[in-house]
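Observations on the model geometry
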Amino acid sequence: MSRKVRSRLDSRSRRDVLKAAGTAALATSASVVLGGSAPAAQQGAPAIRTNTQAGRRIRSFIKFDREIPSMQPVTLRALTGRMVAIRTEAAQTCYSSVGQVLMPSANAPQNIGVVGHGGVGIVEAIGPEVFAVQVGDRVVVNFHAACGWCYNCVKSRSDQCVNQGGGSQQIPAGDTADGRPVFSGTSGMTEVMIVNQEKCVPVFTDVSSVELSMLTCVGNAGLGLATTKCPVEIGSDVVVFGCGPVGLSAIQGARIKGAARIIAVEPIRYRRDLALKLGATDGVDPNQYTARSPIPGGAGISGDMFKDALVDHLREMCKGKTDRSFAGGGRVGPDHVIEAVGGDYGGVKPSEVSGPDPTGLTVLSQIWQLCSSTGTSVSCSIGYPAGSVVQISATNWADGAKHFWGGTCGGTNARRDVPRYVRLMEAGKLDMKSLAARTFPLAQTTEAYRVAMNRTVVATVVTPNA
Ligand SMILES: [Zn+2]
Ligand SMILES: [Zn+2]
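Quick look at the structure, then. All values reported here derive from a predicted model rather than from experimental measurement.

1. Some points on unusual backbone geometry
The phi angle at Ser156 is positive, at roughly 65 degrees, despite the residue not being glycine. Looking at the secondary structure, you find Ser156 in the loop between helix H4 (151–154) and strand E9 (174–176). Phi is positive for Arg455, which is not a glycine, with a value near 65 degrees.

Dropping the structure here:
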């Protein structure tokens, strides 16, 4: 339905609407439902819901059982409840999906699902109970979005919502050619995303969808680490491990919050250079500082478990101008440390150079050791070998003043924060264009993930309807 038609409908009286629906005058809709329930009566919500999706054929990149995903025709079902149909304009290829896309899985997924971690697109149709978005809206569909009602959501940790997709994961969006139900979830690798409205953040901006697609998962994660839970103060020193899309977003978040020194630790040269362009003040190649050995007898009063060349080098860089403790001196280590590295998925070696430890576990130990005694370390990565254990100092863990935050999006609340990030992009303070380096058509989704895996560019984006 066009905006023009919608505005005509919205301006009509309730009696007119009932009459029109009763005489089936709106023959273009497969069904017309009067929105008289409490949510629908909210100001600005459309009075009419449309649903024209049943039987529509689209193409989606689908994961079956343990197989690597493939492009499949899908016949959509009618939208129900709070479901929204969105014509996908851009979807980023999150590195954490690389294993799922490029390698047969050890375990079958729960449902046959469309691949992806969110996307950006235009709302084409809405279910009968939708009130938050309208046809024609551009929306950012978030991988970490909130139902608003679960235990974690009401505790202001919507990034840990226990109702993934606001429940949309449980409802099939369509069927394959051989009649198997397809679950859309947070998928972006499809011509049309079918998600619950809780996943959608309407955005009213001229920023391109390719740039906005960085906010569906990776950008949110990095910005969340630096701006939500990590209390980066003006004039502080921040070390960021890893300069992929998450780390480069964290670096920008630290810059925006007023950090004085931002040290980017990254083995790939072009990523260190980009970090310097986006706000880092220094770049360090971890492969230059690989010496590391356990300290005999374990952690002493300092809490150090290892003699670690990289930690020593970074501490030296962050040393204050004076050691005089009565003159503000005495700091050991940076104020805040942000980890955005993770393990090489499935042990697959990228074509670009890797860091010293492909499991990513050493970095988790290093960020804790490196962080100053009153500082904060935050982490968000995945891809560690099953059963992994991280060694940290019990002394500092139990009796120290260090803080640690873990978790996927570092506390980002998509509905609150995506509009903030968009404003920063509009103001030229947040550069997502430099991160979204290459675009691919839907038919080349596998190749887009392969490039992401090899790290030859920072991030790749699939544009299914370009
Ligand atoms: Zn992701
Ligand atoms: Zn929730």
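2. Here we look at helix H9 (residues 309–317)
When H9 is considered as a whole, its buried residues turn out to be Leu310, Val311, Leu314, Arg315 and Met317. The buried side chains of H9 occupy one side of the element, clustering within an arc of 160 degrees when seen end-on. The inward-facing, buried residues of H9 abut strand E13 (237–241), strand E14 (261–265), strand E15 (282–284), strand E17 (306–308) and helix H10 (361–370). N-capping of H9 is provided by Asp308, with a side-chain oxygen placed 2.9 Å from the backbone N of Leu310.

3. Quick notes on the nonpolar core
Counting residues in hydrophobic clusters, the biggest one holds 50 residues, and the most contacted among them are Leu212, Leu215, Leu248 and Ile251. Of all elements in the fold, only helix H6 (218–229), E13, helix H7 (245–256), E14, helix H8 (269–278), helix H12 (414–426) and strand E22 (459–462) reach the threshold of two or more residues within this core. Both of domain 2 (53–208 + 433–462) and domain 3 (218–406) provide at least three residues apiece to this core. Among residues more than four places away in sequence, those in contact with Leu212 are Val120, Arg138, Val140, Val203, Thr205, Val207, Val422 and Met425.

4. Things to note about the sheet that holds strand E10 (residues 181–182)
Reading across from one edge, E6-E3-E4-E9-E10 is the order of the five strands in this open sheet, with antiparallel pairing throughout. Looking along the sheet, the strands with just one partner apiece sit at the ends: strand E6 (113–114) and E10. For strand E3 (residues 57–63) and E6, the ladder comprises two bridges, and the chain directions are antiparallel. Looking at E6, one finds that Lys63 is bridged to Gly113.

5. Quick notes on the state of the cysteines
In a disulfide, the sulfur atoms of two cysteines are held together by a covalent bond. All chains considered together, the criterion is met by zero disulfides. Between Cys371, a cysteine without a disulfide, and Cys230, which holds the nearest cysteine sulfur, the sulfur-to-sulfur distance is 8.2 Å. In this structure Cys371 comes out as buried when scored by relative accessible area, which is 2%.

6. Observations regarding the sheet that holds E13
Taken together, the six strands give an open sheet; going across it, the order is E15-E14-E13-E18-E19-E20, and neighbouring strands pair in parallel fashion. In the strand order of this sheet, the two ends are held by E15 and strand E20 (403–406), each with one partner. The mean inter-strand angle of the sheet, taken between neighbouring strand axes irrespective of direction, is 15 degrees. Sheet topology note: the E13/E14 ladder contains five bridges and is parallel. Its bridge partner being in E14, Asp237 is matched across the sheet by Arg261.

7. Observations regarding the coordination of the zinc ion (ligand 1)
Within the protein, Cys94 (SG), His117 (ND1) and Cys217 (SG) serve as the donor atoms for the zinc ion (ligand 1), at 2.0 to 2.3 Å. Each donor residue of the zinc ion (ligand 1) lies on one chain, and together they are spaced C-x22-H-x99-C. In this pair, His117 is assigned in the loop between E6 and strand E7 (119–126) and Cys217 in the loop between helix H5 (209–212) and H6, connecting sequence segments 100 residues apart. Residue class for His117 comes out buried when judged on its relative accessible area of 11%.

Criteria and thresholds
- Residues numbered from 1 in each chain as written.
- Chains lettered and ligands numbered in written order.
- Predicted model: local features only at pLDDT ≥ 70, side-chain atom pairs only at ≥ 80, totals over all residues.
- Heavy atoms only, no water.
- Helix = DSSP H or I, 4+ residues; strand = E, 2+ residues; numbered from the N terminus.
- Buried < 20%, exposed > 50% of the residue type's maximum accessible area, 1.4 Å probe, protein only.
- Arc of directions from axis to C-beta.
- Contact = heavy atoms within 4.5 Å.
- Polar contact = N/O pair within 3.5 Å; in protein donor to acceptor, adjacent residues only side chain to side chain.
- Core = buried A, V, L, I, M, F, W, Y, C linked by side-chain atoms within 4.5 Å.
- Domains from an automatic or database assignment.
- Pairing = 2+ DSSP bridges.
- Disulfide = S-S within 2.5 Å.
- Axes fitted to C-alpha atoms, helices over the stretch in contact; angles between N-to-C directions.
- Donors = N, O, S within 2.8 Å, 3.2 Å for Na, K, Ca; no water.

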